[in-house]
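Fold and geometry: a report
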Amino acid sequence: MDAAIGLAPEDISNVEMLIQVGEWLLAFETLCTQVYEWEISLPAGTLRDLEGLGSALGSRAELTEHLREDPTNG
């Protein structure tokens, strides 16, 4: 989450709470969704790490694929 500069404090708290209660997949999905909604750009290495984590958690690939999109292209 440190790389997601611009993520709202409430979103960070929600993700952290989900992790604390063992809801790993839901925390991951929430993080990816909020990064996308806030149009936060992440470094390529962070995106690769997220893709690996998502795969390990059984997440839908679309969650991280959307993060590679350029929000300025409409």
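Anyway, here's the lowdown on the structure attached to this text. Here the structure is a predicted model, which means the values were calculated and not measured.

Although it is not a glycine, E39 sits at a positive phi angle of roughly 55°. Tracing the backbone shows E39 in the loop between helix 2 (24-37) and helix 3 (44-57). For E39, a relative accessible area of 51% translates into the label exposed.

So, about the packing of helix 1 (residues 9-20) against helix 2. The interhelical angle for the contact between helix 1 and helix 2, taken along N-to-C directions, is 165°, at an axis separation of 8 Å. Taken together, the axes of helix 1 and helix 2 lie roughly antiparallel to each other. Along this stretch, helix 1 crosses helix 2, giving a crossing that reads as left-handed. Counted together, D11, V15, L18 and I19 of helix 1 and W24, L26, A27, T30, L31 and Q34 of helix 2 form the full contact between these two elements. Here the residues of the contact of helix 1 with helix 2 sort into 7 nonpolar, 2 polar and 1 charged.

Turning our attention to the pattern of salt bridges. All chains considered together, the criterion is met by 3 salt bridges. Note that R60 is salt-bridged to E29, the shortest N-O span being 4.0 Å. Note that R60 is positioned in the loop between helix 3 and helix 4 (62-65) and E29 in helix 2, a separation of 31 residues in sequence. The residue R68 makes a salt bridge to E51 at a minimum N-O spacing of 2.8 Å.

Rules used throughout
Residues numbered from 1 in each chain as written. Predicted model: local features only at pLDDT ≥ 70, side-chain atom pairs only at ≥ 80, totals over all residues. Heavy atoms only, no water. Helix = DSSP H or I, 4+ residues; strand = E, 2+ residues; numbered from the N terminus. Buried < 20%, exposed > 50% of the residue type's maximum accessible area, 1.4 Å probe, protein only. Axes fitted to C-alpha atoms, helices over the stretch in contact; angles between N-to-C directions. Parallel < 35°, antiparallel > 145°, perpendicular 65-115°, else oblique. Left-handed = near helix turned anticlockwise from the far one by under 90°. Contact = heavy atoms within 4.5 Å. Nonpolar A, V, L, I, M, F, W, Y, C, P; charged D, E, K, R; others polar. Salt bridge = Lys/Arg side-chain N within 4 Å of Asp/Glu carboxyl O.

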